[in-house]
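# Inside the fold
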Amino acid sequence: MADSIVSEKAERIRDVIRYIERFKDALVVIYIDEELLDSNIFLSHIKDICLIHEVGLKVIVVPGASKRIDQVLTDANLKWTIHNNSRITSPEAMPLIKMAAFDVSNQIMTALAGEKKTAVIGNWVRARSKGIIDGFDYGTSGEIDKLQTDSIKTVLDNGFIPIFPCIGWSLTGKPYNISSIELSKQIAVHLKADKLFFLVPNAKITTDSFIIPETIGRSLENTIPAMNLEEVDDFLKENKSIIENVNYRSLVYKIISLLNLAKDACKEGVTRVHILNGSVNGSVPCEIFSDFGSGTMIYSNNYGKIRPMTYDDIGTVISLMQPFVDKGILLPRTKESFSSQYQHYIVYELDGAIRACASLIPYEDNQMEIAGVTVDKNYSHIGIGPKLIQCLIDKAVSREAKSVFLLTTQTSDWFEKFGFTEDDISTIPAKRRELWTSQRGSKVMRKYL
């Protein structure tokens, strides 16, 4: 038991080291929701931001300022409305909006200074008026026209942390109020960020608030750890009726808005977008330095993939299988036996680490065997196994196999979900039947193609 605990700790440490190496010099844009600025967890998030900066990541911070702007305008008895997620005010409100935006940015800068990090608040955003759309005048509300990317990169290269207030300026110096969330997305797109974080309190995509399609993998807590763009579309389609009946100020509405922004960001070149529960201490480093992190990651490619096994993978795959060998679920494999079999295997690679494997072995009479199906127990809940099985079934079909079979002692129920039914041992090829023993008593499961 003690050895097992040490092994699990070692694997977590290896993951952290692997991610530090992977994301050294990577650019991370972090949107911090305004509700977090006055929370008791705010300084913990600042410490974590400093931590990831310390290990070599480049960081940009975009704080939300809506709450502070609301307060300032209310104190001044100035009215405003919200239209299509834009704040509509009179021109005399703009100096107060600008003051509130910079107050919030100064709060971030002061907190970073407390951790001995140098931050810079800049006017790197050129904006233009939204103008009149469909007959509606958006007044002081603006949209991003251009970012001074060269200046931002210089600040980053000098080791500073840029902070962006939600204000943009026209070519003539006229200020406009812009959306902090939209600004964070545009910064990530223009600078080709490796990661965009939306740090929002209680932002969890769970079965409590949403319908999660069966095809999307879930965590043990029934949250979604990751979705590709196709899965995001499936999720939004499945939840269309929920979306249509929620208030625009609700958390559900905000999460849906973030998913749409995340999808657009990925389509425009951002590698990964993460929706994080800002109410959880440590959510930022946990998301960066582990495979599943603490929130929901949206990605376009190159996160989880199935590929052919190579000779260099043998040692890793043997280690992956060992816990299942110890439980009697799998037969022992050696490096020597794998040397002649690895070409039949596929592996599932998650951010460069092998987390699952399976093989498809051809026999006479157009039969093929699925064998060695192994999924790391820490990743068994996110749908890797079904993807491997479907991949092998598709391969068997492409090779014109009549059926696929497998032998199992403890997982027959799981394979029934894929259309496998119990068959007699006499139906499998003679060469494979020679390896079967009554002592082990494996069941034969078969699927006709």
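Anyway, here's the lowdown on the structure attached to this text. Nothing here was measured: the structure is a model prediction, and the numbers come from that model. (Residues numbered from 1 in each chain as written. Predicted model: local features only at pLDDT ≥ 70, side-chain atom pairs only at ≥ 80, totals over all residues. Heavy atoms only, no water.)

So, on to the overall build of the protein chain. Each helix and strand counted, the protein chain has 15 helices and 23 strands in total. For the protein chain, the proportion of its 449 residues judged to be buried stands at 48%. Within the protein chain, contacts between residues at least 6 apart in sequence are counted, and of these 71% link residues at least 24 apart. Counting every atom, the protein chain has about 21700 Å² of accessible surface; 49% of that belongs to carbon and sulfur. For the protein chain, the distance from the average site of its 52 positive side-chain charges to the average site of its 56 negative ones is 2 Å. (Helix = DSSP H or I, 4+ residues; strand = E, 2+ residues; numbered from the N terminus. Buried < 20%, exposed > 50% of the residue type's maximum accessible area, 1.4 Å probe, protein only. Contact = heavy atoms within 4.5 Å. Areas by Shrake-Rupley, 256 points an atom, 1.4 Å probe, with all protein chains shown as cover. Lys, Arg positive; Asp, Glu negative; His and termini not counted. Charge placed at Lys NZ, Arg CZ, Asp CG, Glu CD.)

Attention now goes to the environment of T89. Take T89: it is sitting in the loop between β4 (86–88) and α4 (94–114). With a relative accessible area of 9%, T89 lands in the buried category. Once the C-alpha coordinates of T89 and S39 are considered, the two residues, 50 residues apart in sequence, prove to be 28 Å apart. At a separation of 2.7 Å, a polar atom in the side chain of T89 contacts the side chain of T140. (Polar contact = N/O pair within 3.5 Å; in protein donor to acceptor, adjacent residues only side chain to side chain.)

Let's shift gears to the sheet that holds strand β19 (residues 353–362). Strand order in the open sheet made by the seven strands is β17-β18-β19-β20-β21-β23-β22, with mixed pairing throughout. A single partner strand is all that each edge strand has here, and the edge strands are β17 (304–308) and β22 (421–423). Strand-to-strand twist across the sheet, computed as the mean angle between neighbouring axes with direction ignored, equals 30°. Along the sheet face, helix α11 (residues 314–326) touches β18 (345–350), β19 and β20 (367–375) and points at about 85° away from the line of β19. Each of β17, β18, β19, β20, β21 (403–408) and β23 (443–448) is contacted by helix α13 (residues 384–398), which is oriented at about 30° to β19, the strand it contacts most. (Pairing = 2+ DSSP bridges. Axes fitted to C-alpha atoms, helices over the stretch in contact; angles between N-to-C directions.)

Here we take up the side chain of S184. Its location among the elements puts S184 in helix α6 (residues 180–190). The class for S184 is buried, based on a relative accessible area of 0%. Other than its neighbours up to four places away in sequence, S184 contacts V29, Y31, V62, L196 and F198.

Time to look at the pattern of salt bridges. As enumerated under the stated definition, the model contains 19 salt bridges in all. The partner of R218 in a salt bridge is E214, and the shortest N-O contact between them spans 3.6 Å. Its relative accessible area of 74% is what places E214 among the exposed residues. Two residues, E349 and K305, come together in a salt bridge whose shortest N-O distance is 3.8 Å. Of this pair, E349 sits in strand β18 while K305 sits in strand β17; the two residues are 44 residues apart in sequence, bridging distant segments of the chain. Through salt bridges with shared partners, one network takes in K305, R307, D313 and E349. (Salt bridge = Lys/Arg side-chain N within 4 Å of Asp/Glu carboxyl O.)

The tally for this structure, following the rule as stated, stands at eleven aromatic pairs. Centre to centre, the rings of F136 and Y138 are 5.2 Å apart; their planes meet at 75°, and the pair counts as edge-to-face. Between F210 and F235 the ring centres are 5.4 Å apart and the planes differ by 50°, which places this aromatic pair in the tilted class. Linking F210 in the loop between β13 (195–200) and β14 (226–228) with F235 in helix α7 (residues 229–238), this pair joins segments that are 25 residues apart in sequence. Here the two residues F210 and F235 agree in accessibility, since each one is buried. Grouped by ring-pair contacts, the aromatic residues W414, F415, F418 and F420 constitute a single cluster. (Phe/Tyr/Trp six-rings, centres within 6.5 Å; stacked < 30°, edge-to-face > 60°.)

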